[in-house]
Amino acid sequence: MDIKVEILSREVIKPSSPTPNDMRILNLSLLDILSPPLGNILEAEEISVYNITNLLPFVECNDEGAVFIEAQVDHLLSEFLKFSVLESLKPLVPVEAKSGEVVIWPVLLIQANFFSCGGLVITICISHKITDATSLAMFIRGWAESSRGLGITLIPSFTASDFFPTPPPDELPLKQIDHKVEVEEMMNYVTKRFVLDASKMKKLRAKASSNLVKNPTRVEAVTALLWRCATKASRVSSREPRTSVLQILVSLRGKVDTLSENTIGNMLSIMILKNEEAKIEGIQHVVDEFRRAKENFGLSCKEMSKPSSRILEVWEEIRKVYGMGNEVDLWMSNSWCKLGLYEADFGWGNPVWLTGRGTSNINNLMLLIDAKDGVGIEAWVTLTKEHMLLFECDDELLESASLNPHVLI
């Protein structure tokens, strides 16, 4: 779907009052420093990429402000949502956010896209070096509450560096995990949207239940299904079965003692599941392994006497997995479920749809987002073109998911 977007205005929004001197420096936590620039997070339409050096120790709050752009779109929003293909999302993203170059300002880019019918799409691009999805969700909800003249209910906590202080440079990993992807390689990636509605979600959760996990969560069931089907696609196209490794991003909020749920920053660690020689295990088995990993992860978080030391141990485990290169198939799953993004009301009601960037520079990525009803899930899956051809035709997948259906409003 071709859409024309005209930029009406571009403004730098600065603080209403100067930042006090004692609050101008925000020290980054160890997790922020180690966090790879996976891409930025969004609200109503898109995500984009900013890269900041892995050794950046702090952020200076210099009051340079955020960029706010207003744009006019020559289509009806209802028609646009009927053709929610990936290419249609790109024009709604600020031009500055499409560059793959290193950018340290602006940290926040917002574009308000006004459709000819009066509909509105808000694109939010924010540096992943200082925020994760939970941090962004808090920002969006606070912004929405302020726009309606309400007090902010979620007061952000900027104490991440107190819980996860950065050790001396000689104790940091000498070799960073290399996420750099060549343009030619990215051209072989394809991202597609799969939707599991409420009725199909209920059936999938029932199918995934077992004696160990009698009531699997939505995320457990969907992650198990996607990984199982992706592993099948990889195995069919591979000469020899390879170990399949699933990295699951997990928030540390609520798991590490006294770490506030409102902590801003990359409060993320990774759980690792392994499937030796890409055995095609049943979905119940995958969910069982997922639940055991979650329980063990929760216990390890409670026992963290020196959180930064434990994070470095986990980082070393991850680095070893990446070091295996072509010996393993690496997958990553990330969930934005239960973040309350659909609760953001700027004064004209709740959003009818929200989504991620639509494209990814990371292969074998599964991004899970709540459907509007809070029961279903939208899964944005990035695979190589070869694997996607097999994946999207998998009968087991299509029993539970629909490929890119219209957005219902």
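Conventions we followed
- Sequence order sets the numbering: in each chain, residues are counted from 1 along the sequence as written.
- Given that this is a predicted model, residues contribute local features only at a pLDDT of at least 70 and side-chain atom pairs are listed and counted only at 80 or more, while totals for whole chains, interfaces and linings are drawn from all residues.
- Note that the side-chain values use all heavy atoms of the structure and ignore hydrogens as well as water.
- Patch membership needs two things, relative accessible area over 30% and no salt bridge, and members are linked within 9 Å if like-charged or within 5 Å if nonpolar (Val, Leu, Ile, Met, Phe, Trp, Tyr).
- Computed by Shrake-Rupley with a 1.4 Å probe, the accessible areas treat only the displayed protein chains as cover when residues are assessed.
- In what follows, salt bridge is the name for a side-chain nitrogen of Lys or Arg lying within 4 Å of a carboxyl oxygen of Asp or Glu.
- Under the DSSP-based scheme used, a helix requires at least four consecutive residues in state H or I and a strand at least two consecutive residues in state E, with every element numbered from the N terminus.
- At least two DSSP bridges between two strands are required for those strands to pair.
- Axes here mean lines fitted to C-alpha atoms, for a helix over just the part in contact, with angles spanning 0 to 180 degrees between N-to-C directions.
- Residues count as neighbours in contact if any of their non-hydrogen atoms are within 4.5 Å of one another.
- Between rings of Phe, Tyr and Trp, where Trp is taken as its six-membered ring, a pair exists when centres lie within 6.5 Å; planes separated by under 30 degrees are stacked, by over 60 edge-to-face, and by other angles tilted.
- Burial classification: accessible surface area is computed with a 1.4 Å probe over protein chains only, and a residue below 20% of its type maximum counts as buried, one above 50% as exposed, and the rest as partly exposed.
- Ring-over charges, as used throughout, are those where CZ of Arg or NZ of Lys falls within 6 Å of the ring centre and within 35 degrees of the ring normal.

Chemist: How would you sum up a nonpolar patch on the surface? Please name residues and give values.
Modeler: A cluster of nonpolar side chains, Val12, Ile104 and Trp105, forms an exposed patch at the surface whose accessible area comes to about 280 Å². Following the sequence through the fold, Trp105 ends up in the loop between α3 (86-89) and β5 (108-115).

Chemist: Could you give me a rundown of the sheet that holds strand β1 (residues 5-13), with the residues and numbers involved?
Modeler: Read from one edge of the open sheet, four strands run β1-β4-β5-β6, paired in mixed fashion. Edge strands, defined here as strands with exactly one partner in the open sheet, are β1 and β6 (120-126). The mean inter-strand angle of the sheet, taken between neighbouring strand axes irrespective of direction, is 15°. In the sheet, β5 pairs with β6 via seven bridges, with the strands oriented antiparallel. For Leu109, the partnering residue across the bridge sits in β6 and is Cys125. Helix-sheet contacts for helix α4 (residues 133-147) involve β5 and β6, and the interaxial angle to β6 is about 135°.

Chemist: Summarise the packing of aromatic side chains; cite the residues concerned and give the values.
Modeler: A complete count under the given rule lists five aromatic pairs for this structure. Geometrically, the ring pair formed by Phe194 and Phe391 is edge-to-face, given 5.4 Å between the ring centres and 85° between the ring planes. One end of the pair, Phe194, is in strand β7 (residues 189-196); the other, Phe391, is in helix α11 (residues 385-391), with 197 residues separating them in the sequence. By relative accessible area, Phe391 is classed as buried at 0%. Taken together through their ring pairs, the aromatic side chains of Phe139, Trp143, Phe346 and Trp348 make up a single cluster. Lys294 extends its terminal NZ or CZ atom over the ring of Phe290, reaching a point 5.7 Å from the ring centre.

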